[in-house]
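# Results of the structural survey
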Amino acid sequence: MRIRTVEPGDLGEIAEVLRGSFRIYNCMDIDGDYLEKLFRTDDTVSLDSTFVVEEDGRIVSITMIVEREIRTVLGWIPFAGIANVATHPKYRGRGYASKLLSYIEDYYKDKGYPIIGLLAGYGEPAHRIYRRRGFYDISYYRERILVLEDIVNTASMLKKRGETSSHEPVIVPITSASIDTLSKLYNDDIASRYYGVFKRSSRRWKGILETGQYATWFLGNHGVGWLYDYGGRKAYSLVYPIKESILSRCRDPSAAYILEIAADNRHYPLVLADTLEKLYNMGIKTIYYRPPPDKEHLVEKNRLVIPDETLMAKPCNQERFRSLIEEKYNKKVVIEKHDTYYAIQYRFGTIKFTPDSLLRIMLGVTGAFEEYFNGKIRVQGNYRILLEEFSSVLSYRPHYIVLTDKW
Ligand SMILES: CC(C)(COP(=O)(O)OP(=O)(O)OC[C@H]1O[C@@H](n2cnc3c(N)ncnc32)[C@H](O)[C@@H]1OP(=O)(O)O)[C@@H](O)C(=O)NCCC(=O)NCCS
């Protein structure tokens, strides 16, 4: 058995393992060219961050690592995202995926990545596998599904609510000439507002617009969306209609995703309403939309589907994670009892956090998501110091913080 990174000649074989492991890839009938295009258009995945196990002279197991910078309470920090974990069906249950994941965790620990994480389908076997490997459930995506009249009704409700603009918008389709504007709007209205978002380079923007490559399995059509100009205040919406993409072989071609909207608070409802209308007029019958936590009220509560994908994470390089917290808060952090808790030392005592609580706080995943955690935020120590120190992230709903002395 040998573990190594990949070369261009491996891509066909990797696509075969992926087709044999994921229904969606099988249906999309992905091949080496698909992966080549993926690497070319997304600078956060590469041959050097794709790892395989070789056995009997063939590739039997693969994992791709998405190397991104994520915005957290600690600032922008490196995040190793595990994706496309797959073992050839004939070679399963022999420990290959486990060995590969252990190798990768050590590799990224050595590279100084403070956090490693992934998205797992809630309740799927892989979810349990990762829990056993020490990954914590951090949050769930809450996807809304709007069907037919929901689309029209939501659009008119948003317009009626009285959010208006003093300017009629100038609306133009997004093209590759829009990259600089999109990038600025992303930075101003998304990346500086929300935690848990990823840094995006111009090359990544170019890839999104050339191929619609937004998440790994979205590849296959051109970026679609609109740029809005309200008397100088700009906004955009980026959508993914399935009918024009490779996904139309496998998913309902009359459905579309709203991938993201960048707008200030005042114009966001207007842009959302216009986007819903435009999609409806294109013949779209179902819309999938994951609103950011502070925009959930804009779509009806009963259009909620939970839990969808689960964000799981754990500290990768503990020392690095700890020193980032120490630098940020200028306080000593102690990891004790074999990862049972982290303690931040203050002059008047310490505050202890379970590792998952601390990860949630540092990743800024509090507030709207908290009600779906069993453990919530578990801490021990001076409640007042805690609220003062972390008020920016905890201020939403402090009653979800559970004071505990069980570790
Ligand atoms: C998940 C998958 C990658 C595991 O690969 P593998 O090489 O067989 O895994 P391993 O032999 O190293 O086993 C890993 C763990 O999964 C468990 N496992 C293996 N097959 C399993 C199964 N069919 N059902 C439940 N658990 C299983 C093992 O017991 C082991 O758990 P442990 O670490 O507690 O001992 C493989 O089954 C696969 O390709 N599945 C389809 C694709 C997929 O779902 N990928 C994960 C989502 S990103």
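First, a word on what this report is: a plain description of the structure on this page. (Residues numbered from 1 in each chain as written. Predicted model: local features only at pLDDT ≥ 70, side-chain atom pairs only at ≥ 80, totals over all residues. Heavy atoms only, no water.)

## Remarks on the sheet that holds strand S6 (residues 136-140)
The sheet built from 7 strands is open, its strands ordered S1-S2-S3-S4-S5-S14-S6 with mixed pairing. This sheet does not close on itself; its edge strands, each paired only once, are strand S1 (2-5) and S6. Here the average twist between neighbouring strands, direction ignored, is 30 degrees. Of the pairings in the sheet, the one linking strand S5 (residues 115-121) to strand S14 (residues 309-315) comprises 7 bridges and is antiparallel in character. Counterpart to Ile 116 in the pairing with S14 is Lys 314. Packed onto the sheet, helix H1 (residues 11-19) meets strand S2 (50-55), strand S3 (58-72) and strand S4 (75-87) and runs at close to 85 degrees relative to S3. (Pairing = 2+ DSSP bridges. Helix = DSSP H or I, 4+ residues; strand = E, 2+ residues; numbered from the N terminus. Axes fitted to C-alpha atoms, helices over the stretch in contact; angles between N-to-C directions. Contact = heavy atoms within 4.5 Å.)

## Overview of the packing of aromatic side chains
For the coordinates displayed, the defined rule picks out 16 aromatic pairs. Between Tyr 25 and Tyr 34, the ring centres sit 6.3 Å apart and the planes meet at 70 degrees, which makes this aromatic pair edge-to-face. We note that Tyr 25, like Tyr 34, is buried. Taking the centre distance of 5.9 Å and the plane angle of 55 degrees together, the rings of Phe 79 and Phe 198 count as tilted. Of this pair, Phe 79 sits in strand S4 while Phe 198 sits in the loop between helix H7 (179-191) and helix H8 (202-211), and the two are 119 residues apart along the sequence. Taking relative accessible area as the criterion, Phe 198 reaches 23% and is therefore assigned partly exposed. Three or more aromatic residues link up through ring pairs in this structure, and these residues are Phe 51, Tyr 103, Tyr 107, Tyr 108 and Tyr 113. Just above the ring of Tyr 186 sits the side chain of Arg 200; from NZ or CZ to the centre is 4.1 Å. The cationic tip of Lys 328 hangs over the ring face of Tyr 329; the distance from NZ or CZ to the ring centre is 5.9 Å. (Phe/Tyr/Trp six-rings, centres within 6.5 Å; stacked < 30°, edge-to-face > 60°. Buried < 20%, exposed > 50% of the residue type's maximum accessible area, 1.4 Å probe, protein only. Lys NZ or Arg CZ within 6 Å of the ring centre and 35° of its normal.)

## Concerning the packing of helix H10 (residues 318-329) against helix H11 (residues 355-362)
At a minimum axis separation of 13 Å, H10 and H11 run at an interaxial angle of 55 degrees. Viewed along their axes, H10 and H11 adopt a mutual orientation that is oblique. Where H10 crosses over H11, the two elements pack in a sense that is left-handed. Where H10 approaches H11, its residues Phe 321, Ile 325 and Tyr 329 are matched on the opposing element by Leu 358, Leu 359 and Met 362. For the contact of H10 with H11, a count of residues per class yields 6 nonpolar, no polar and no charged. (Parallel < 35°, antiparallel > 145°, perpendicular 65-115°, else oblique. Left-handed = near helix turned anticlockwise from the far one by under 90°. Nonpolar A, V, L, I, M, F, W, Y, C, P; charged D, E, K, R; others polar.)

## Observations regarding a nonpolar patch on the surface
Taken together, the side chains of Val 147, Leu 148, Val 152 and Tyr 280 define a hydrophobic patch exposed on the protein surface, amounting to about 290 Å² of accessible area. Turning to its location among the elements, Val 147 is positioned in strand S7 (residues 143-147). (Patch = residues over 30% accessible without salt bridge, like charges linked within 9 Å, V, L, I, M, F, W, Y side chains within 5 Å. Areas by Shrake-Rupley, 256 points an atom, 1.4 Å probe, with all protein chains shown as cover. Salt bridge = Lys/Arg side-chain N within 4 Å of Asp/Glu carboxyl O.)

## Quick look at the nonpolar core
Core analysis: the largest hydrophobic core is formed by 46 residues, its most contacted members being Ile 14, Leu 18, Met 28, Leu 35, Trp 205, Tyr 236 and Leu 238. With 6 residues, H7 is the single largest residue contributor to this core. For this core, the two domains that each supply at least three residues are domain 1 (2-113) and domain 2 (143-305). Apart from residues no more than four positions distant in its own chain, Leu 35 is found in contact with Leu 11, Ile 14, Ala 15, Leu 18 and Met 64. (Core = buried A, V, L, I, M, F, W, Y, C linked by side-chain atoms within 4.5 Å. Domains from an automatic or database assignment.)

## Focus: the packing of helix H3 (residues 32-41) against H8
Put simply, H3 and H8 touch, their axes get as near as 8 Å, and they point 140 degrees apart. On the basis of the axis angle, H3 is oblique to H8. Where H3 abuts H8, its residues Lys 37, Phe 39, Arg 40 and Thr 41 lie against Arg 203, Arg 204, Gly 207, Glu 210 and Thr 211.

## Concerning the site of the ligand
Residues in close proximity to the ligand total 16 residues, the closest being Thr 87, Gly 93, Gly 95, Ser 98 and Arg 132. Between Thr 87 and the ligand, the recorded distance is 2.8 Å, taken from a side-chain N or O atom to an oxygen atom. Relative to its free-state accessible area of 910 Å², the ligand is covered by the protein chains to the extent of 64%. Among the elements that take part in the shell around the ligand, helix H5 (residues 125-132) stands out by supplying 4 residues, more than any other. Residues belonging to the shell around the ligand are distributed by class as follows: 8 nonpolar, 5 polar and 3 charged. (Near = heavy atom within 4 Å. Polar contact = N/O pair within 3.5 Å; in protein donor to acceptor, adjacent residues only side chain to side chain.)

## Let's talk about the state of the cysteines
Note: disulfide means a covalent bond formed between the sulfur atoms of two cysteine side chains. Under the criterion given, the structure shown has 1 disulfide. The disulfide partner of Cys 27 is Cys 250, and the S-S distance across this bridge is 2.3 Å. Taking the sign of the S-S torsion, about -110 degrees here, the bridge from Cys 27 to Cys 250 comes out left-handed. Highlighted residues: Cys 27 in helix H2 (residues 23-28) and Cys 250 in the loop between strand S10 (233-241) and strand S11 (255-262), separated in sequence by 223 residues. Residue classification places Cys 250 among the partly exposed residues on the basis of a relative accessible area of 25%. (Disulfide = S-S within 2.5 Å.)

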